[in-house]
Amino acid sequence: AVAELARALEKATEDFRTDILLERGRIREAAGKLDAALGDFVAARTAKADLFEAWMSEARVLKALGRTDEARAAAREALQLRPDDEGAKAMVGG
């Protein structure tokens, strides 16, 4: 699945590219490939800075990697996009 998504990325329009990056990141995260997943989530939010899902996914992976301060910073960015999101609030506060 990851190889197919890599091929799709080469041909994707910018809007679709962020969707592919998020999906590939989710697959990599589920497979325990956290560094690769983090790269996908960072690429997605770099391409589209207002992408809440990318910021929260980045925060989740950073937390799993033990990079708590960076995880909170990413969650704060997500919270700017969705101030009422409980998951982002919890990540920032905890």
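First, a word on what this report is: a plain description of the structure on this page. This one's a predicted model, so the numbers in the text were calculated from it and none came from an experiment. (Residues numbered from 1 in each chain as written. Predicted model: local features only at pLDDT ≥ 70, side-chain atom pairs only at ≥ 80, totals over all residues. Heavy atoms only, no water.)

A few words on the packing of helix H5 (residues 68–81) against helix H6 (residues 86–93). Packed helices, taken two at a time, are described by the angle between their axes plus the distance between the axes. Contact pair H5 / H6: the axes reach a minimum separation of 8 Å and the direction vectors enclose 145 degrees. Of the two possible hands of crossing, H5 and H6 adopt the one that is left-handed. Contact with H5, carried on its side by Ala71, Arg72, Ala75, Arg76, Ala78 and Leu79, involves Ala88, Lys89, Met91 and Val92 of H6 and no other residues of that element. Of the residues belonging to the contact of H5 with H6, the class tally is seven nonpolar, no polar and three charged. (Axes fitted to C-alpha atoms, helices over the stretch in contact; angles between N-to-C directions. Helix = DSSP H or I, 4+ residues; strand = E, 2+ residues; numbered from the N terminus. Left-handed = near helix turned anticlockwise from the far one by under 90°. Contact = heavy atoms within 4.5 Å. Nonpolar A, V, L, I, M, F, W, Y, C, P; charged D, E, K, R; others polar.)

Running from N to C, helix H4 (residues 52–64) and H6 point in directions that differ by 35 degrees, and their axes come no closer than 11 Å. Where H4 crosses over H6, the two elements pack in a sense that is left-handed. Here Phe52, Met56, Ala59, Arg60 and Lys63 of H4 come into contact with H6, specifically with Gly87, Ala88 and Met91. Of the residues that constitute the contact of H4 with H6, the class distribution is five nonpolar, one polar and two charged.

Here we take up the pattern of salt bridges. Enumeration according to the criterion identifies eight salt bridges in this entry. Arginine 28 is the partner of aspartate 40 in a salt bridge, and the nearest nitrogen-oxygen pair spans 3.0 Å. With aspartate 40 in helix H3 (residues 34–47) and arginine 28 in helix H2 (residues 14–30), the pair connects residues that are 12 residues apart, well separated along the chain. On the basis of relative accessibility, which here comes to 19%, the residue arginine 28 falls in the buried class. Where glutamate 86 meets lysine 89, a salt bridge forms, and the shortest distance between an N and an O atom there is 3.6 Å. Here glutamate 86 and its partner lysine 89 are both found in helix H6, three residues apart, which amounts to about one turn of the helix. It is possible to trace a salt-bridge network through shared partners that takes in Arg24, Arg28 and Asp40. (Salt bridge = Lys/Arg side-chain N within 4 Å of Asp/Glu carboxyl O. Buried < 20%, exposed > 50% of the residue type's maximum accessible area, 1.4 Å probe, protein only.)

Keep in mind that these numbers describe shape and distance, not what the molecule does.
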